Amino acid sequence: MSQTVLVLNGPNLGRLDIRDSALYGNLNFVQLVEFISSSAIENGFVADVRQSDDESQIISWLHEAADAKLPVIINPAAFTHYSYAIRDAAEMLKAPLIEVHLSNPLAREEFRHTSVISGIASGTIAGFGPSSYALALKALRGILDK
Ligand code: DQA
C-alpha cells in the first residue's frame, strides 16, 4: 500500500502562473500539483498537496502530520527565512522532513540566504524548478527504505 506524504506549500505559491517564470518555472500551481502527484506515485507515495498563504494554517497541517506520523515535504516560501513558529511545529514531526525550493535562494537576495527550517530538515533541495519536488520524493523514498 502506498504511503501518504504531505506536501506543504507556503505563501504566493498558489500564484505561480503570475510569478517570475525565470525563477519559478513554467508550471502553474495546478500543474505543479499534478507533477508532484505523479512523481509521488513513481516513488510509492500518495501525495497530499496543500498550499496556504496563512502561517497558522501551515502550522496546523504540521501538527496534523506530527500526530499522524506522516513524512512532510515543505516549500515554506518566504516563511523559510523567518518563521520560527513553522520551525517549532516542524520540529515536532515524527517522520522525515525535506525542505524544497523551486529557485535557489542562495543565488538570490541576501535575505533569502537564511533558512530557519534547514536545521531541522533531513535535507534541502533547491534550484531545480518543479524537479526539486521529484528529487525530494526520491530522497524520501531512500530514507524510508533504509
Ligand atoms: C521559494 C523561495 C523563497 O525565497 C520565496 O520567498 C518563495 C519561493 C522557492 O520555491 O524558490 O516564495 O521558496
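Residues numbered from 1 in each chain as written. Predicted model: local features only at pLDDT ≥ 70, side-chain atom pairs only at ≥ 80, totals over all residues. Heavy atoms only, no water.

- Looking at an unreviewed UniProt entry, one finds the chain named 3-dehydroquinate dehydratase and attributed to freshwater metagenome.

Thoughts on helix H5 (residues 131–145)
For the α-helix, the turn length of 3.6 residues means that residues three or four positions removed from each other point alike.
Then step 1. A rise of 1.5 Å per residue sets the reference length of H5, with its 15 residues, at 21 Å; its end C-alpha atoms lie 21 Å apart and thus fit the reference within 8%.
Then step 2. When H5 is considered as a whole, its buried residues turn out to be Ser132, Tyr133, Ala136, Leu137, Leu140 and Arg141.
Then step 3. Here the buried face of H5 lies against strand S1 (3–9), helix H2 (29–42), strand S2 (45–51), strand S3 (72–75), strand S4 (97–101) and strand S5 (123–126). (Helix = DSSP H or I, 4+ residues; strand = E, 2+ residues; numbered from the N terminus. Expected span 1.5 Å × (residues − 1). Buried < 20%, exposed > 50% of the residue type's maximum accessible area, 1.4 Å probe, protein only. Contact = heavy atoms within 4.5 Å.)

Points about the site of the ligand
Then step 1. Around the ligand, a shell composed of Arg19, Tyr24, Asn75, Ala77, Ala78, His81, His101, Leu102, Ser103 and Arg112 is seen.
Then step 2. Interatomic distance of 3.1 Å between a side-chain N/O atom of Arg19 and an oxygen atom of the ligand.
Then step 3. One of the side-chain nitrogen or oxygen atoms of Ser103 is found 2.6 Å away from an oxygen atom of the ligand.
Then step 4. Contact with the protein chains hides 99% of the accessible area of the ligand, taken as 320 Å² for the molecule alone.
Then step 5. Along the lines of polarity and charge, the residues of the shell around the ligand split into 4 nonpolar, 4 polar and 2 charged. (Near = heavy atom within 4 Å. Polar contact = N/O pair within 3.5 Å; in protein donor to acceptor, adjacent residues only side chain to side chain. Areas by Shrake-Rupley, 256 points an atom, 1.4 Å probe, with all protein chains shown as cover. Nonpolar A, V, L, I, M, F, W, Y, C, P; charged D, E, K, R; others polar.)

Concerning the packing of aromatic side chains
Then step 1. Evaluated as defined, the whole model comprises 1 aromatic pair.
Then step 2. With centroids separated by 5.9 Å and ring planes inclined at 70°, the aromatic side chains of Phe79 and Tyr82 adopt a geometry described as edge-to-face.
Then step 3. Given a relative accessible area of 6%, Phe79 falls into the buried group.
Then step 4. The ring of Phe45 has Arg141 sitting right over it, with the charged end atom 4.2 Å from the ring centre. (Phe/Tyr/Trp six-rings, centres within 6.5 Å; stacked < 30°, edge-to-face > 60°. Lys NZ or Arg CZ within 6 Å of the ring centre and 35° of its normal.)

Topic: the pattern of salt bridges
Then step 1. If you walk through the whole model with that rule in mind, you get 5 salt bridges.
Then step 2. Here Glu64 makes a salt bridge to Arg50, at a shortest N to O gap of 3.0 Å. One end of the pair, Glu64, is in helix H3 (residues 55–68); the other, Arg50, is in strand S2, with 14 residues separating them in the sequence.
Then step 3. For Glu64, a relative accessible area of 35% corresponds to the partly exposed category.
Then step 4. We note a salt bridge from Arg141 to Asp145, for which the minimum N-O separation is 3.0 Å. With Arg141 and Asp145 both in helix H5, this residue pair falls 4 residues apart, about one helical turn.
Then step 5. Within the structure, one salt-bridge network assembled from shared partners comprises Asp48, Arg50 and Glu64. (Salt bridge = Lys/Arg side-chain N within 4 Å of Asp/Glu carboxyl O.)

Topic: the environment of Ile58
Then step 1. Topologically, Ile58 is positioned in helix H3.
Then step 2. On a C-alpha basis, the gap between Ile58 and Leu8 in space is 7.3 Å, while along the polypeptide they are 50 residues apart.
Then step 3. Other than its neighbours up to four places away in sequence, Ile58 contacts Leu8, Asn9, Gly10, Pro11, Ser52, Ile74, Phe79 and Ile86.

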